[in-house]
Amino acid sequence: MSKTYIEAANTLPVYDECDVLVVGGGAAGHSAAVAAARVGAKVIVMERYGYFGGDVTGGYVLLIPTLNWRTHSMNRGLLEEWFTRLDKNAPGSYIGPDLKYVGRDVPYVCDKYEYYEGCVNNREEPHTPLRSMYIEPTQLKLEMDAMVQEQPNIKALLHSWGTKPIVEDGVVKGVIFESKEGRKAIYAKVVIDATGDGDLFSQAGVNSLDSKISDFDHRDDQTALVWRAGGVNYKALALMRMKNFKTFMSFLQELWKVAGYKTVPFSTGRDGVVWFNNWLLGYNCIDLDDIRKSEFLVRNSIRPILDFCKKALPEVFENAYLYDVAPQLGVRCSRKLDGEKVMTSLDFAVNAQFDDVIAWSQTGGNTAPIEIPYSCILPKKIDNLIAPGRHLSADAGAIGALQLIPQCAATGQAAGVAAAVAALDNKTAKTVDIKKVQKILCEEQDVPLPRQANTDKALVEELESINYGRDTDRAKKIRAAAGLDW
Ligand SMILES: Cc1cc2nc3c(=O)[nH]c(=O)nc-3n(C[C@H](O)[C@H](O)[C@H](O)COP(=O)(O)OP(=O)(O)OC[C@H]3O[C@@H](n4cnc5c(N)ncnc54)[C@H](O)[C@@H]3O)c2cc1C
């Protein structure tokens, strides 16, 4: 509809002021808030739903993959803390190989995890365990609540929707938000847009990369509504996938005809329960019509899918029932930040070293980790806004690897530290002392970074021995595709 309405100018109450305002409480935003608070900043974290975790806890993305490279723990920090805390407070709420086994030749550990996709690197001999975990989302929700409540300098605003950045002369000064209390403003020294969809940067005058949202070649431009089935003999399904892949694939082909879209039942880490991950092509997660269609399409298909599964594979699904449907739509990718540095596929092929490195990106298998720079979460034009998480600045070829949960949590944690240091030192997001940020990440927040006083020497030697990953098959393939003859 092209009709318009002119909203009258309005005086808004200022709800609060803070050093760091984080909008969005998913893996990126939650990590940003906790990290900033641990540096000593006064933090407000605003979330449109009633809990933290976003896609992970609310979208039921139950697999957190590959925190290691070979024997090295590459994504530590707040993400590893989720698991150490769950070990203590809710034993049994996730499943995945222990850090001490990763990258090692331990057949009995591989045997234990072979049923769970992504927990064993079977692309190389000998097979080795990967630090990949299947989580129980509600237990993680409780733990994320605790991490926020433990910080007296974090104020959590739940059921509050950040709608508009306050921008003056190219500098972000705060955010207008909507809630049951009406429309109010918050002033902040630094704002972190962790909405995943660039809700704030898109309105602050920052461009989004890619106006083409639905690119069928890339998994990120697809929505999903994940649901779980109980009463399933998961081991029988896993055995079929492992020993009789052809039959498994024919089952999936028939399943996709019934569903009307691609969907696969995966492990949840519990024997009796599977999660139906899905990939809905051509639906844009920032378009209201597509959002509604995605929700209805999947919910309408659940009963036919269960009926089909019971008939097609009674040994697996005979007693299956609908366990639950994720409380929120699974959104993979929409707007992407036009950042100071745009990550591209080539960054995975030349293994660039960045002075402003804030995290490692590791996706497992026959690859090497790559460095993620601060500049890819910094918008080009605007200051005092940082945008970590799945909308960070990357082209269509690079975003697939960079929007995984470990990378979102890691860029979020770094954004939080950078925002806190900027606010407390009276600097801006762009002028912050990045060396100080890196030192805090490494020495106080358990984030392993290269070229720091405490960088793991064994890791450096191993990376040097493979020319920082430039000789991997994947890197060679990317360079060849780009026409680079080296
Ligand atoms: C179905 C599916 C399967 C996936 N599979 C995997 C996998 O196996 N492994 C993996 O590592 N990754 C996977 N991913 C990707 C990964 O889950 C996400 O990219 C990642 O969790 C995103 O984290 P985030 O914090 O950047 O964004 P989100 O998780 O989207 O968090 C954004 C948060 O901001 C809130 N929010 C949004 N807008 C506003 C607003 N305006 N005001 C206030 N709050 C707001 C949201 O409610 C949400 O809590 C998958 C994604 C999907 C959807």
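Quick look at the structure, then. Note that the structure is a prediction, hence the values are computed from the model and not measured.

Parameters and conventions
- Residues numbered from 1 in each chain as written.
- Predicted model: local features only at pLDDT ≥ 70, side-chain atom pairs only at ≥ 80, totals over all residues.
- Heavy atoms only, no water.
- Helix = DSSP H or I, 4+ residues; strand = E, 2+ residues; numbered from the N terminus.
- Rg over C-alpha atoms; globule rule 2.2 N^0.38 Å.
- Buried < 20%, exposed > 50% of the residue type's maximum accessible area, 1.4 Å probe, protein only.
- Contact = heavy atoms within 4.5 Å.
- Areas by Shrake-Rupley, 256 points an atom, 1.4 Å probe, with all protein chains shown as cover.
- Lys, Arg positive; Asp, Glu negative; His and termini not counted.
- Charge placed at Lys NZ, Arg CZ, Asp CG, Glu CD.
- Salt bridge = Lys/Arg side-chain N within 4 Å of Asp/Glu carboxyl O.
- Phe/Tyr/Trp six-rings, centres within 6.5 Å; stacked < 30°, edge-to-face > 60°.
- Axes fitted to C-alpha atoms, helices over the stretch in contact; angles between N-to-C directions.
- Left-handed = near helix turned anticlockwise from the far one by under 90°.
- Nonpolar A, V, L, I, M, F, W, Y, C, P; charged D, E, K, R; others polar.
- Core = buried A, V, L, I, M, F, W, Y, C linked by side-chain atoms within 4.5 Å.
- Pairing = 2+ DSSP bridges.
- Near = heavy atom within 4 Å.
- Polar contact = N/O pair within 3.5 Å; in protein donor to acceptor, adjacent residues only side chain to side chain.
- Parallel < 35°, antiparallel > 145°, perpendicular 65-115°, else oblique.
- Expected span 1.5 Å × (residues − 1).
- Right-handed = clockwise from strand over helix to strand, strands pointing away.

Here the focus is the overall build of the protein chain. For the protein chain, the helix and strand inventory stands at 14 helices and 24 strands. For 486 residues, the compact-globule estimate of 2.2 N^0.38 gives 23 Å, and the C-alpha radius of gyration of the protein chain, at 22 Å, lies within 12% of that figure. Seen through its principal axes, the protein chain has C-alpha atoms that stretch 65 × 55 × 50 Å. Buried positions account for 57% of the 486 residues belonging to the protein chain. Put simply, 71% of the contacts in the protein chain that link residues at least 6 apart link residues at least 24 apart. Accessible area for the protein chain stands at about 20,500 Å²; split by element, carbon and sulfur atoms hold 50% of it. Computing the positive centroid from 56 side-chain charges and the negative centroid from 62, the protein chain places the two 3 Å apart.

Side chains bearing opposite charge may pair, as long as their charged atoms lie close to each other. One pass over the structure, following the stated rule, counts 29 salt bridges. The closest approach of N and O atoms between Asp289 and Arg292, which form a salt bridge, is 3.1 Å. With Asp289 and Arg292 both in helix α7 (residues 288-312) and three residues apart, the pair spans about one turn of that helix. Between Lys341 and Asp347 there is a salt bridge, and its shortest N-O distance comes to 3.0 Å. On the basis of relative accessibility, which here comes to 7%, the residue Asp347 falls in the buried class. One network of salt bridges, with partners in common, ties together Arg38, Glu81, Arg85, Glu143 and Glu150.

Attention now goes to the packing of aromatic side chains. Considering all chains together, one arrives at 15 aromatic pairs under this definition. Judged by centre distance (6.3 Å) and plane angle (50 degrees), the ring pair of Tyr116 and Tyr134 falls under tilted. Separated by 18 residues along the polypeptide, Tyr116 in the loop between α3 (107-113) and β7 (120-121) and Tyr134 in strand β9 (residues 133-135) bring together distant segments of the chain. Comparing Tyr116 with Tyr134, the two get one shared label, buried. Here Phe248 and Phe251 contribute two aromatic rings whose centre-to-centre distance is 6.5 Å and whose plane-to-plane angle is 40 degrees, an arrangement assigned as tilted. One end of the pair is Phe248 and the other is Phe251, both in helix α6 (residues 245-259) and three residues apart, which spans about a single turn. Three or more aromatic residues joined by ring pairs form one cluster here, namely Trp227, Phe245, Phe248, Phe251, Phe276, Phe308 and Phe317.

Taken N-terminus to C-terminus, the directions of helix α1 (residues 27-39) and helix α11 (residues 405-424) make an angle of 35 degrees; their axes are 7 Å apart at the nearest point. Crossing angle aside, the handedness with which α1 passes α11 is right-handed. Across the interface between the two elements, Ala27, Ala28, Ser31, Ala32, Ala35, Ala36 and Val39 from α1 touch Ile405, Cys408, Ala409, Gly412, Gln413, Gly416, Val417, Ala420, Val421 and Leu424 from α11. Residue composition of the contact of α1 with α11, by class: 13 nonpolar, four polar and no charged.

One finds Val22, Val43, Ile64, Trp82, Ile192, Tyr374 and Ile386 to be the most contacted residues of the largest nonpolar core, which totals 79 residues. Broken down by element, this core gets its largest block of residues, 13 residues, from α11. In this structure, Val22 is in contact with Gly29, Ala32, Ala33, Val43, Ile44, Val45, Met46, Ile192 and Ala194, ignoring residues within four places of it in sequence. Grouped together as the second largest cluster of nonpolar side chains are 48 residues, Tyr234, Trp279, Ile305 and Phe308 included.

Turning our attention to the environment of Pro388. Looking at the secondary structure, you find Pro388 in the loop between β24 (385-386) and α10 (396-402). Discounting chain neighbours no more than four positions away, the residues touching Pro388 are Ala28, Ile192, Asp193, Ala194, Ile377, Thr411, Gly412 and Ala415.

The next subject is the sheet that holds strand β3 (residues 63-64). The strand order β3-β9-β6 describes an open sheet built from three strands, whose pairing is antiparallel. With partners counted over all chains shown, the strands left at the sheet margins are β3 and β6 (94-95), one partner each. As defined by bridge partners, β6 adjoins β9 across two bridges and the pair is classed as antiparallel. When the sheet's bridge partners are listed, Ile95 is paired in β9 with Tyr134.

Right, let's get into the site of the ligand. What surrounds the ligand is a group of 36 residues, the closest being Glu47, Arg48, Asp55, Gln403 and Ile405. Measuring from an oxygen atom of the ligand, one finds a backbone N or O atom of Ala28 at 2.9 Å. One nitrogen or oxygen atom from the side chain of Glu47 is found 2.6 Å from an oxygen atom belonging to the ligand. Burial of the ligand by the protein amounts to 98% of the accessible area it has alone, namely 1,000 Å². Counting residues per element, the shell around the ligand draws most heavily on α11, at three residues. Taken together, the residues of the shell around the ligand sort by class into 18 nonpolar, eleven polar and seven charged.

N-capping of helix α13 (residues 457-465) is provided by Asp456, with a side-chain oxygen placed 3.0 Å from the backbone N of Ala458. A positive backbone phi angle near 55 degrees is found at Asn467, which sits one or two residues after α13.

Another aspect to go through is the packing of α1 against helix α2 (residues 77-89). Between α1 and α2, whose axes approach to 10 Å, the crossing angle comes to 100 degrees. In terms of their interaxial angle, α1 and α2 are classed as roughly perpendicular. In this structure, α1 contributes Ala27, Ser31, Val34, Ala35 and Arg38 to the contact, and α2 contributes Leu78, Glu81 and Trp82. By residue class, the composition of the contact of α1 with α2 is five nonpolar, one polar and two charged.

So, about α1. For α1, which comprises 13 residues, the first-to-last C-alpha distance of 18 Å matches the rise-based estimate of 18 Å (1.5 Å per residue) to within 8%. Across the 13 residues that make up α1, a large majority, eleven, are buried. At the C-terminal side of α1, Gly40 shows a positive phi close to 115 degrees.

What follows concerns the pairing of strand β2 (residues 43-46). Neither face of β2 is left uncovered, since the one carrying Val43 and Val45 and the one carrying Ile44 and Met46 both have all their residues buried. Examined bridge by bridge, strand β1 (residues 14-23) and β2 share four bridges and lie parallel to one another. Looking at β2, one finds that Val22 is bridged to Val45. Between the parallel elements β1 and β2, the chain passes through α1 in a crossover that is right-handed.

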